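# Structural description and commentary
Chain residues, written in single-letter form:
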Amino acid sequence: MSDSLHTPEEPRPGPGEQLAHAHDGSLRHTRAKGEPRFPDGPKADPAGSHFERRIRSFQPRRSRVTAGQADALQRLWPKWGLDIDGHALDLTELFGNTHPVVLEIGFGMGEATARMAAEDPDTGILAVDVHTPGQGNLLNLADQHGLTNIRVANGDAIILLREMLPPDSLDGLRVYFPDPWPKKRHHKRRLIQPEFLTLAATRLRPGALVHCATDWEPYAEQMLDVLTAHPDFENTQPTGGYAPRPGFRPLTRFEGQGLDKGHVVNDLLFRRVQPRDQHRDLPPSATEAD
Ligand SMILES: C[S@@+](CC[C@H](N)C(=O)[O-])C[C@H]1O[C@@H](n2cnc3c(N)ncnc32)[C@H](O)[C@@H]1O
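Residues numbered from 1 in each chain as written. Predicted model: local features only at pLDDT ≥ 70, side-chain atom pairs only at ≥ 80, totals over all residues. Heavy atoms only, no water.

Our focus in this paragraph is the site of the ligand. Neighbouring the ligand are 18 residues; S57, G106, D129, Y176 and T252 lie closest to it. With respect to the ligand, the backbone of G106 contributes an N or O atom lying 2.7 Å from a nitrogen atom. Contacts to the ligand include D129, whose side-chain N or O atom sits 2.7 Å from an oxygen atom. Isolated, the ligand exposes 600 Å² of accessible area, and the fraction of that covered by the protein chains is 96%. Applying the majority rule of atoms within 2 Å of the grid points places the ligand in the second largest pocket. Elements represented by at least two residues in the shell around the ligand include exactly β5 (124–129) and α8 (253–260). (Near = heavy atom within 4 Å. Polar contact = N/O pair within 3.5 Å; in protein donor to acceptor, adjacent residues only side chain to side chain. Areas by Shrake-Rupley, 256 points an atom, 1.4 Å probe, with all protein chains shown as cover. 1 Å grid on protein atoms, 1.4 Å probe; cavity = no way out; pocket = protein on both sides within 12 Å on 5 of 7 lines; lining within 4 Å. Sits in = over half its atoms within 2 Å of the grid points. Helix = DSSP H or I, 4+ residues; strand = E, 2+ residues; numbered from the N terminus.)

Let us now look at the pairing of β5. Most of β5 is tucked away: 6 of the 6 residues are buried. Neither face of β5 is left uncovered, since the one carrying G124, L126 and V128 and the one carrying I125, A127 and D129 both have all their residues buried. Pairing geometry for strand β4 (residues 101–105) and β5, over 5 bridges, is parallel. Its bridge partner lying in β5, V101 is registered against G124. Assessed by its sense of winding, the connection that carries the chain from β4 through helix α3 (residues 111–119) to β5 is right-handed. Direction of pairing for β5 relative to strand β6 (residues 150–154): parallel, over a ladder of 5 bridges. Residue D129 lies in a different strand from β6, and its bridge partner there is N154. (Buried < 20%, exposed > 50% of the residue type's maximum accessible area, 1.4 Å probe, protein only. Pairing = 2+ DSSP bridges. Right-handed = clockwise from strand over helix to strand, strands pointing away.)

On to helix α4 (residues 132–144). Spanning 13 residues, α4 covers 18 Å between terminal C-alpha atoms, matching the ideal 18 Å at 1.5 Å per step. For α4, the tally of buried residues reaches 11 of 13 residues, placing the bulk of the element in the interior. Turning to α4, its buried residues number three or more, namely T132, P133, G134, Q135, G136, N137, L138, L139, N140, L141 and A142. Next to the buried residues of α4 lie α1 (67–80), α3, β5 and β6. Once α4 finishes, G146 follows within two positions and takes phi at roughly 65°, a positive value. (Expected span 1.5 Å × (residues − 1). Contact = heavy atoms within 4.5 Å.)

A separate point is the UniProt feature "binding site: S-adenosyl-L-methionine" in the protein chain. The feature "binding site: S-adenosyl-L-methionine", as given by UniProt, occupies E104, D129, D156 and D179 in the numbering adopted here. In sequence the annotated residues extend across 76 residues, while in space they remain close, none of their C-alpha pairs exceeding 14.0 Å. Of the residues named above, E104, D129, D156 and D179 line the second largest pocket. Along the polypeptide, E104 turns up in strand β4. Ignoring sequence-local partners within four residues, the contact set of E104 consists of T113, M116, I125, L126, A127, V128, R174 and Y176. At a separation of 2.7 Å, a polar atom in the side chain of E104 contacts the side chain of T113. Within the secondary structure, D179 is located in the loop between β7 (170–176) and α6 (194–203). (UniProt positions renumbered as here; feature names shortened; annotations may be inferred.)

And the structure:
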């Protein structure tokens, strides 16, 4: 893959938008009230407010969508996009094959996602984020590089996990540089918490890898504590602690920003263990039975 993963562009009116004069005389894009921003693209609130959790791990933000991103959202969402609307999902149908599927939560602008998809075409990546420009950017990257193993989901990953994904359906979970929520009063917004892990465990097959990375050391410590204490996961590192960065994880945009500030990056690699109630029912191994 080339290194030109993101091309800055000037915003132009998107579908359904018009140019209108603002109070200061400048030209702004406007939409008629009730008009969807992208008629064929991601829905503004796919799950509807009844599904919303009170505490969210993301910050709703209005961000500019470039003409190229808007074009990708319109053109490619019907093919590769998924609105998180609470309806049960069939991953074989979604990807058109029975390849293993990993879930990436919070792909940002998607450059790292596209690289991983290119490196491993036999694994499907279900990439979820609420960030509309990033969704457009990742769809464009998939299109430009012929990556058919990415699906881009719009909405809260919690609803995707809780309402839409079948049990034992995922072969991996990737959470790279999740919002660190550094203020103490915001710690409850951090994604990696015991309740989240309990939910994720039900959707991961035994043996599936959970891979987290962060440049915020107090969050890395929290991740290590909650993953180590959780009965559904075991550390892949025999001595415990952080993992060396695996070769398959590319540098991400947020990681680059963290490194520029002198932050230390920590990777965590844990494995989903056999559910406890199944442990009890397992027959003794051949050596034990002898
Ligand atoms: C700090 S950014 C990191 C982006 C990217 N992984 C990187 O390293 O460049 C975290 C991203 O996670 C997304 N996010 C946070 N919580 C989410 C959730 N519950 N569901 C979907 N996306 C979420 C945010 O919108 C944001 O784009």
